[in-house]
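Secondary and tertiary structure notes
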Amino acid sequence: MVVADGVIDVQELETLYRIGNEQYGLTKEQINQAIVSNGSSFIVPESIEAKIQFLFNLATIAWADGVLEDTEKELMHKYVLRLGFKKENIDLISNFIFDSVKTGKSIEETITLAKSSN
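Since this is a predicted model, take the numbers as computed values, not measurements.

**Remarks on helix H6 (residues 107-116)**
Restricting attention to buried positions, one finds in H6 the residues Ile107, Thr110, Ile111 and Ala114. Viewed end-on, H6 has its buried residues packed into an arc of 100°, placing them on one side of the element. Structural note: H6 exposes Glu108, Thr112 and Ser116 on the side pointing more than 90 degrees away from its buried face. Next to the buried residues of H6 lie helix H3 (48-63) and helix H5 (90-102).

Here you go:
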């Protein structure tokens, strides 16, 4: 998501470092290597909670600079599909996640809302 719009924004990068370190225990060097390799590897989370958290993290990075670019939206759509959600739900899921981040909902609140809307 950091490189989706072709520009590595400082706020997006700081958000990526924070998420990578706090949630995955990654160092800045490991994150930098992932950026250099352009995120070529991807392991699909199994639980719905982990999938929502992954998408929430992407949205958090996308919103870090205060601007949601079309390329970031397109990348979110690709990952929603790669996570196994139905194609006809891509816009609904993407918009829900982006709106949750934009309005300041927590990941826990977002997961609860998503699970209750099934």
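**Things to note about the packing of H5 against H6**
The N-to-C vectors of H5 and H6 enclose an angle of 150°; their axes lie 10 Å apart at closest approach. With respect to H6, the element H5 is oriented roughly antiparallel. Crossing angle aside, the handedness with which H5 passes H6 is right-handed. Taking contact as the criterion, the partners of Phe96, Ile97 and Ser100 in H5 are, on H6, Thr110, Leu113 and Ala114. Here the contact of H5 with H6 is composed, by residue class, of four nonpolar, two polar and no charged.

**Examining the pattern of salt bridges**
The final tally for this structure, using the stated rule, is three salt bridges. Between glutamate 49 and lysine 115 there is a salt bridge whose closest N-O contact spans 2.6 Å. Note that glutamate 49 is positioned in helix H3 and lysine 115 in helix H6, a separation of 66 residues in sequence. Relative accessible area serves as the criterion here: at 30%, glutamate 49 is assigned to the partly exposed category. Overall, lysine 115 belongs to the partly exposed group, its relative accessible area being 40%. With a closest N to O distance of 4.0 Å, aspartate 70 and lysine 73 form a salt bridge. With aspartate 70 and lysine 73 both in helix H4 (residues 70-82), this residue pair falls three residues apart, about one helical turn.

Conventions and cut-offs
Residues numbered from 1 in each chain as written. Predicted model: local features only at pLDDT ≥ 70, side-chain atom pairs only at ≥ 80, totals over all residues. Heavy atoms only, no water. Buried < 20%, exposed > 50% of the residue type's maximum accessible area, 1.4 Å probe, protein only. Helix = DSSP H or I, 4+ residues; strand = E, 2+ residues; numbered from the N terminus. Arc of directions from axis to C-beta. Contact = heavy atoms within 4.5 Å. Axes fitted to C-alpha atoms, helices over the stretch in contact; angles between N-to-C directions. Parallel < 35°, antiparallel > 145°, perpendicular 65-115°, else oblique. Left-handed = near helix turned anticlockwise from the far one by under 90°. Nonpolar A, V, L, I, M, F, W, Y, C, P; charged D, E, K, R; others polar. Salt bridge = Lys/Arg side-chain N within 4 Å of Asp/Glu carboxyl O.

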